[in-house]
Every structure is written in structure tokens, then in C-alpha cells.
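Single-letter residue listing:
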Amino acid sequence: MHNPLRSEADAFKWVVIIGMAAASVIALTLLTRPVVGVVWGALLVGFGAGVAYRTARGSLPRTVEVTRGGDGRFRLLVVANETVGGGALLDEVRARCAERRSEILVVTPALVASRAEQWASDVDEGIELARQRMELSLLAIQGAGLKARGEVGDSDPNVAIEDALRVFPADEILISTHPPQRSRWLEAGVVDRARREIDLPILHVVVDLEAERSVS
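What counts and what doesn't
- Residues numbered from 1 in each chain as written.
- Predicted model: local features only at pLDDT ≥ 70, side-chain atom pairs only at ≥ 80, totals over all residues.
- Heavy atoms only, no water.
- Helix = DSSP H or I, 4+ residues; strand = E, 2+ residues; numbered from the N terminus.
- Buried < 20%, exposed > 50% of the residue type's maximum accessible area, 1.4 Å probe, protein only.
- Contact = heavy atoms within 4.5 Å.
- Pairing = 2+ DSSP bridges.
- Axes fitted to C-alpha atoms, helices over the stretch in contact; angles between N-to-C directions.
- Arc of directions from axis to C-beta.
- Polar contact = N/O pair within 3.5 Å; in protein donor to acceptor, adjacent residues only side chain to side chain.
- Phe/Tyr/Trp six-rings, centres within 6.5 Å; stacked < 30°, edge-to-face > 60°.
- Lys NZ or Arg CZ within 6 Å of the ring centre and 35° of its normal.
- Salt bridge = Lys/Arg side-chain N within 4 Å of Asp/Glu carboxyl O.
- Parallel < 35°, antiparallel > 145°, perpendicular 65-115°, else oblique.
- Left-handed = near helix turned anticlockwise from the far one by under 90°.
- Nonpolar A, V, L, I, M, F, W, Y, C, P; charged D, E, K, R; others polar.

Colleague: It is not clear to me how the environment of glycine 86 should be interpreted in this structure. Could you clarify?
Modeller: For glycine 86, the position within the fold is in the loop between strand E1 (74-79) and helix H3 (87-97). A relative accessible area of 0% places glycine 86 in the buried class. Expressed as a C-alpha distance, the spacing of glycine 86 and valine 207, which sit 121 residues apart in the sequence, is 6.0 Å. Not counting chain neighbours up to four residues away, the residues in contact with glycine 86 comprise Val207, Leu209 and Glu212.

In C-alpha cells, the structure reads:
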């Protein structure tokens, strides 16, 4: 779930917004009727909150400064949710990391149905389901003799990538999606945005879970 207070700068934005709203309410209350000041303050808070929330979502700069491990180890960042356990994804992970000293971070963005639900407290189920899928994928990756760890990320996959790159010195990023006709991530331009904004190799793997189930 996206947290609008992601940094001290974000917190400062909210302080400024609340301060401006309070000053406006006081000024208009003194100059006009109290109800006018209250309405104006509410409108200002709503508008400012919307702007602050959107800017807090973490837009990566055009060229991201990524850290490097410098120890000769190949690091792969895997970003996937419902497709995280797909055979095509696991095959690609093995192919990228075979015969390498490698480290893998699997980030599973939590699925949230709507923006309103993001602000509600009932998001635990989406986070828990993401965690379960991630853990099953880790077992499969580790079963292939590869070193991997995982975490549940922001519901916005691009923000989840940004968060991961702050602490994980990836050499490549592997993004897994459903086929185009069923992928919300592709519809939202997640892969294209990552390729525009991140100065790292971005691999896109399509996982057709329905086809894999029919074969098995």
C-alpha cells in the first residue's frame, strides 16, 4: 500500500498544506462568515492533499543513480505478483543466474483493488496473498540452488521497483506479467516506464498461467 509520508520532504508538504488551510480558515472567518472559511479550508486541504499524494508516489528520475555491489556477484531484481510462481519466470531466473555467483531479490507488489481501498485499513488480505505467492516462488528458486530473498512491495509496481533499488544494487531487472490481453501492468505501461526511467537492463517475461496449467 502506498504511504503518502514516504520521506521528510513528503511530511513537510503535508505540514505546509495543513498550515495554509488553517491560515485561510482563520483569515476568511475574520473577514466573512465562519462557514465560508470552513468551506474554503476544506477545499484547499482536499486539493493540496491530492497534489501531495500524487507527487509522493515516487516518480523515478529519467536516469536513476543505481548502486553497484562491486563484489563480482550478479544481482537480479525480480518484480512479479500473480505470475511470481510461473514456470516461464522461474526458467528465465535460472537462465540469467546459471553458473554465476548470484543474488536474487523477489519483490511482489501487493494487489489493491482500488484507490479507496488503499486508504482503508482492509488491505491485509492483499498483502498476505502477495507474501504467500512470494514465499512459494522463493522455495522454487532456492530449490534450483540459487540464493534468493523476497519482500512485499508498494501496490504501484514502479514505486516498488524504486524502493527496491534504494537498498538492492541490482544488475538487471526482470518484470513478469500476464499476457497483454490480461495484464493490468502492461495496460498501465509499467514495463515501458521502467525502461524509460531506469538505466539498467530491463527484461520482460510473459507468463501465461492458464496455458501452464493446461499443460500440467
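From this point, the discussion proceeds with the structure in view.
Colleague: Can you help me understand the sheet that holds E1 in this one?
Modeller: Two pairing modes exist for strands in a sheet, parallel and antiparallel, and in both the strands are linked by backbone hydrogen bonds. On the basis of which strands lie adjacent, the open sheet formed by 5 strands has the order E3-E2-E1-E4-E5 and parallel pairing. The open sheet is flanked by strand E3 (148-153) and strand E5 (202-206), the only strands paired with a single partner. For this sheet, the mean angle separating the axes of adjacent strands, direction not counted, is 20°. As judged from the 4 bridges shared by E1 and strand E4 (residues 172-177), these two strands associate in the parallel manner. Residue pairing in the sheet places leucine 77 in a bridge with isoleucine 173 of E4. Taken strand by strand, H3 contacts E1, strand E2 (102-109), E4 and E5, and its axis lies near 165° from that of E1. Along the sheet, helix H6 (residues 157-167) contacts E1, E2, E3 and E4; its crossing angle with E2, the most-contacted strand, is approximately 145°.

Colleague: What should I look at first to understand H3 in this one?
Modeller: Note that an α-helix has 3.6 residues per turn; residues three or four places apart therefore point the same way. Those residues of H3 lying buried are Leu89, Leu90, Val93 and Cys97. On an axial view of H3, the arc spanned by its buried residues comes to 95°, and they lie on one face. Residues of H3 that are buried sit in contact with E1, E2, helix H5 (124-143), E4 and E5. Count one or two residues on from H3 and you reach glutamate 99, which has phi positive near 60°.

Colleague: Help me understand H6, please; the structure alone is not making it clear to me.
Modeller: Among the 11 residues in H6, 8 count as buried, and that is most of the element. The complete set of buried residues in H6 reads Pro157, Asn158, Val159, Ala160, Ile161, Glu162, Ala164 and Leu165. Along its buried surface, H6 packs onto E1, E2, E3, E4, helix H7 (184-187) and helix H8 (190-197). Two or three places before asparagine 158, at the opening of H6, aspartate 156 has a side-chain oxygen 2.9 Å from that residue's backbone nitrogen.

Colleague: Explanation requested: the packing of aromatic side chains in the structure shown.
Modeller: To describe a pair of aromatic rings, you give the distance between the ring centres and the angle between the ring planes. Scanning the model with the defined rule gives 0 aromatic pairs in all. One residue, arginine 100, lies across the ring of phenylalanine 74, its end atom 4.0 Å from the ring centre.

Colleague: How should I be thinking about the pattern of salt bridges in this particular structure?
Modeller: Pairing is possible between side chains of opposite charge, provided their charged atoms come close. The full count for this structure, using the stated rule, is 11 salt bridges. Between glutamate 103 and arginine 75 there is a salt bridge, and its shortest N-O distance comes to 3.3 Å. Here glutamate 103 is found in strand E2, whereas its partner arginine 75 is found in strand E1, with 28 residues between them in sequence.

Colleague: What should I look at first to understand the environment of valine 79 in this one?
Modeller: Looking at the element boundaries, valine 79 is found in strand E1. Look at valine 79 and you get buried, because its relative accessible area is 1%. Considered as a pair, valine 79 and leucine 105 are 26 residues apart in the sequence and their alpha carbons are 8.5 Å apart. In contact with valine 79, not counting residues within four places along its chain, are Val107, Pro109, Ile161, Ile173, Leu174, Ile175, Ser176 and Trp185.

Colleague: Can you walk me through the packing of H3 against H5 in this structure?
Modeller: Two measures define how a pair of helices packs: the angle their axes make with one another and the distance between the axes. Two numbers describe how H3 lies on H5: the axes approach to 11 Å, and their chain directions differ by 40°. Looking at the two axes, H3 sits oblique to H5. Helix-helix and strand crossings are classified by hand; for H3 and H5 the assignment is right-handed. Every residue of H5 that contacts H3 at Leu90, Val93 and Arg94 is listed here: Ser137, Ala140 and Ile141. Considered class by class, the residues forming the contact of H3 with H5 number 4 nonpolar, 1 polar and 1 charged.

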